[in-house]
Amino acid sequence: MSMRPVGEWRLLASALITWALCAWSLLTPGRGALVAAAALLIGLALLAALYRNLKRCRSLRESRTSILATVCLLPCASLVLIGSQVHINEQARADPTFFTAAHNGTETTFDAQIAGFPQTKRSEFGERSWVRIEAIGQRGKVPMLVWLSDINVSKTSLAPGLRATITARLTAQPPESAAAYTANPTAFETVSARSLLADLGGTAASLRQGIIVLAKNLDGGELLPGFAVGDTSLVPESLDDAMLQSSLSHLTAVSGGNTGLVISALIWAVARLGAGLRVRTITAFLGLGMFVAIVGPDASVQRATAMAAVLLAGSFGGNTRAALPALGFATLYLLATDPWQAVQAGFALSVVATGGILLLAPSIAKWLRRALRLPKVLALTVSVALSAQLACGPFLLLLQPGVPAVGVVANVLAAPAAPLATGLALLALLLGPLSAPVATATLWAASVPARWIAAVATVTSTLPGGRWSWPGGWPGALLFAGGEAAVSLAWLFATGKIGLPGGARAIQRAPWAQKTPAPFVIRMIVAMLVSSAAATVTVFTIAAPIANKLGVPKNWIVVACDVGQGDAILVRDLDRPEDIALIDTGKNADALRDCLDTFEVKRIALLILTHDDLDHAGAYLSVLNRVDHAIISPDIAGAQSKERQLLRGLNEAGVPFRVVRNGEQRLGDELGPDWVILSPETEPPPTSTNAASITMLFQLGPATLLALADTGQEEQARLLHQEKLRGHTVDIVKVAHHGSRNQEPALYKSIAASWGLISVGASNGYGHPTDATLSALIESGTKPLRTDLHGNIAIVQRADGSLEPWLSRVDPQPPGVALTQPQAALLTRMSVQDSRLKAWQRHQKLAKRKSRRSTSMKRDLPP
């Protein structure tokens, strides 16, 4: 990383200032006009100062004030433009028609223009489709996202530029969201209005559909539409998860690599024909425009196009004069086209990754070639992957804890195959309308490197140590950035690029010169910086996981895994500690795997999928390789077993399973703790997935657990008349439906459990758990334990058979969890009860000690 001239940073610095203030104005709605007005006033003041200095000096170079004014004018102008646009778009989003319809929950009919191609996400639980639109409101266009799964509309016919009339119920989204509303339509009718944009969109839609149809019938072709046009509808959930874990998911999105490949290929082709610079530039722009028309004008496509142009203009960091100004201009251009990108993770990762490549890749490649003797091509590949990973590291930690260390290896292994697969897939896309056999052959050739990439993703995502432990959120991001800053400063001091104010500096020697040691002070500073960074990495990647493992109790009988807004409960009897049952999986496979690893669960004797909802069974595929047997809930009314996607996954994995019914108990050939099914009734069949939830009573040695799944008040009221619960208490209850309001307080009062486990996600948006449910638990003598407050929760059985909770997080209120006043009061009452209980326990221990002491003294007295 070489030191850049100050002038190269001016445009990029202006872009970063504009980005920060644009994000602030979006996160605090109504500030766009304030930012624009303030920037305008400051800009006018600077212009006045500039004009006054022009009268005194012959040139701008003779006045520092004039130089400062010219530097500051650019961010002022950018903020005036983008702040005004934020204000105008906020006014359009506040359209009274849409606002009233969303607030009242009523249907509304409106005209709209399709803003992108439909997207589809397939999983074991079906598929979900949506399309982005721009609704025509009274004050302008309002961005919305329309769900297409529940209406009868031809998704292949939808393309950017088409007009439609939509009747839907609207749901308002947060002000910083890219879509102002989501729409669940009851009617969706396209309008056959001819326009150039609609014709181009229809042509692009047919090309996209052609490659999807060809790839669907091709072995190993599920990734090819993603390489060509960013369509991942064919990618199975398991492969999609592997691509994400191995940091390869950018290959199947329209990224800078796709657009860079298009630009490079076009420039190379016309250059071979002898075209000059002007013709090459025009050809590249025209080809890039056609590519954008095919893949769609989404924000991600615009980002990919802009960043690819930046990397090509900067020659991956080789052209120092053009690289950083191009990045600054691209950032300002993207913010001007859509200011809401300022708060989107994809925008931040694109800008930061491109900046990291421009600043770090040349120096890293040079070091790899000199120190490790790597070939130039391999050194460039490794340096690009490593620099992008280092630059994006702090931002990725804001999204998810942990450092994907395997990402660099996976990207290096996939690097030779990615351009080949992308280029051949794009060629097949263009050949499709001309000759289907030739396009199929080309696509088959593209499937060979695509299969290699899929294999790389599958293998690297399962490597041990592929994801290093590191705290998430702002603390983790700041720690990671601090470590990177320490290493960077150490390198700058060691190479003599910077020195101390007193003049101490490491001498930059020529390769043939004799080695001269750096001053002692510089060496000490470098050693301290490197040591602090190494100590931070060691603490969080090695020491912290070991300490966490040592602190996890071994004698647990029930664990509520912190998987967000979902259920995943581990159950076992300490008499048979290896026979573990897992009730549901949640939908966060990473969080579930972390919980299983934390409690050293290598094998699951029995998997219980209480019902088919995503927040209870969404991650079941990730644990099937550990499962011996499974039980699932019965079908709901009007459904056939063959329609349940859940069964297909179990059959493909070879896991034996059965559908349970009320009153069944553990069979002799099934492992796991003793249990009995309390509900649901199969006659008549349940009418919803929640009503079909399996409720179970577990006998865990001397302790009992009642797991209520997602049952509601009606189902819980029927449990009051169950013979096995009537007049009996339980020790632990898994509170139903994440603590929602739909509960039967009499049931909780009847069972009088000591501990109530609430599996709930922080800031879940549903208001779970509700004040009413928490009050019902407290009044029943049940202490609620919540995964959003306490993380993983284990109920531990002591040697004397008593139970106590173990919490992985002891913070009373972690960031992002807002407690209402009644909930805070409940927590206060709980803490008072805890203090009284602990005081009573201390008193009992002291009494026992005194009793033992007096007994021993009597025994020692002479007769």
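Here, the structure is the one placed above.
Residues numbered from 1 in each chain as written. Predicted model: local features only at pLDDT ≥ 70, side-chain atom pairs only at ≥ 80, totals over all residues. Heavy atoms only, no water.

*Asks:* I tried to follow helix α18 (residues 520-551) on my own but got confused; where do I start?
*Replies:* The α-helix advances 3.6 residues per turn, and as a result positions three or four apart in sequence lie on the same side. Val-539 marks where α18 bends most, by close to 40 degrees. Those residues of α18 that fall on the buried side of the exposure criterion are Ile-522, Val-526, Leu-529, Ala-533 and Thr-541. Along its buried surface, α18 packs onto α17 (473-494). (Bend = angle between axes of the 7 residues up to and from the residue. Helix = DSSP H or I, 4+ residues; strand = E, 2+ residues; numbered from the N terminus. Buried < 20%, exposed > 50% of the residue type's maximum accessible area, 1.4 Å probe, protein only. Contact = heavy atoms within 4.5 Å.)

*Asks:* So what exactly am I meant to see when it comes to the sheet that holds strand β17 (residues 755-758) here?
*Replies:* Either a parallel or an antiparallel arrangement is found when strands of a sheet pair, and the pairing is made through backbone hydrogen bonds. Read from one edge to the other, the open sheet built from six strands follows the order β13-β14-β15-β16-β17-β18, with strand pairing classed as mixed. Edge positions in the sheet fall to β13 (674-679) and β18 (783-786), since each of these pairs with one other strand and no more. Strand-to-strand twist in this sheet, taken as the mean axis angle between neighbours without regard to direction, amounts to 20 degrees. Bridge count between strand β15 (residues 703-707) and strand β16 (residues 732-734): three bridges; the pairing is parallel. Each bridged residue has a counterpart across the sheet, and for Leu-706 the counterpart in β16 is Val-733. Of the strands in this sheet, β17 and β18 are in contact with helix α24 (residues 771-779), which crosses β18 at around 135 degrees. (Pairing = 2+ DSSP bridges. Axes fitted to C-alpha atoms, helices over the stretch in contact; angles between N-to-C directions.)

*Asks:* Got a minute to help me understand the environment of Ala-630 in this structure?
*Replies:* One can find Ala-630 in strand β11 (residues 627-632). For the pair Ala-630 and Leu-607, spaced 23 residues apart in the sequence, the C-alpha separation amounts to 4.5 Å. Leave out the neighbours within four places in its chain, and Ala-630 touches Leu-606, Leu-607, Leu-650, Val-655, Pro-656, Phe-657 and Arg-658.

*Asks:* Would you mind showing me how to read the state of the cysteines here?
*Replies:* Chemically, a disulfide is nothing more than a covalent bond linking the sulfur atoms of two cysteines. In total, this model carries one disulfide according to the counting rule given. Through a disulfide, Cys-561 is tied to Cys-595; the S-S separation comes to 2.0 Å. Residues Cys-561 and Cys-595 are joined through a disulfide that is left-handed, its torsion about the S-S bond being -65 degrees. Placement of Cys-561 in the loop between β7 (556-560) and β8 (569-573) and of Cys-595 in helix α19 (residues 589-598) is noted, with a sequence separation of 34 residues between them. Residue class for Cys-561 comes out buried when judged on its relative accessible area of 0%. (Disulfide = S-S within 2.5 Å.)

*Asks:* What's the story with the environment of Tyr-181 in this structure? I'm lost.
*Replies:* Turning to its location among the elements, Tyr-181 is positioned in strand β6 (residues 181-191). Overall, the relative accessible area of 4% leaves Tyr-181 in the buried class.

*Asks:* What's the story with the pattern of salt bridges in this structure? I'm lost.
*Replies:* A side chain of one charge can pair with a side chain of the opposite charge when the charged atoms of the two come close. Enumeration according to the criterion identifies 13 salt bridges in this entry. Two residues, Asp-579 and Arg-576, come together in a salt bridge whose shortest N-O distance is 3.8 Å. Classification of Asp-579 as buried rests on a relative accessible area of 13%. Taking the relative accessible area as the measure of exposure, Arg-576 reaches 27% and is therefore partly exposed. It is possible to trace a salt-bridge network through shared partners that takes in Arg-576, Asp-579, Arg-603, Asp-628 and Asp-674. (Salt bridge = Lys/Arg side-chain N within 4 Å of Asp/Glu carboxyl O.)

Purely geometric numbers; function is a separate question.
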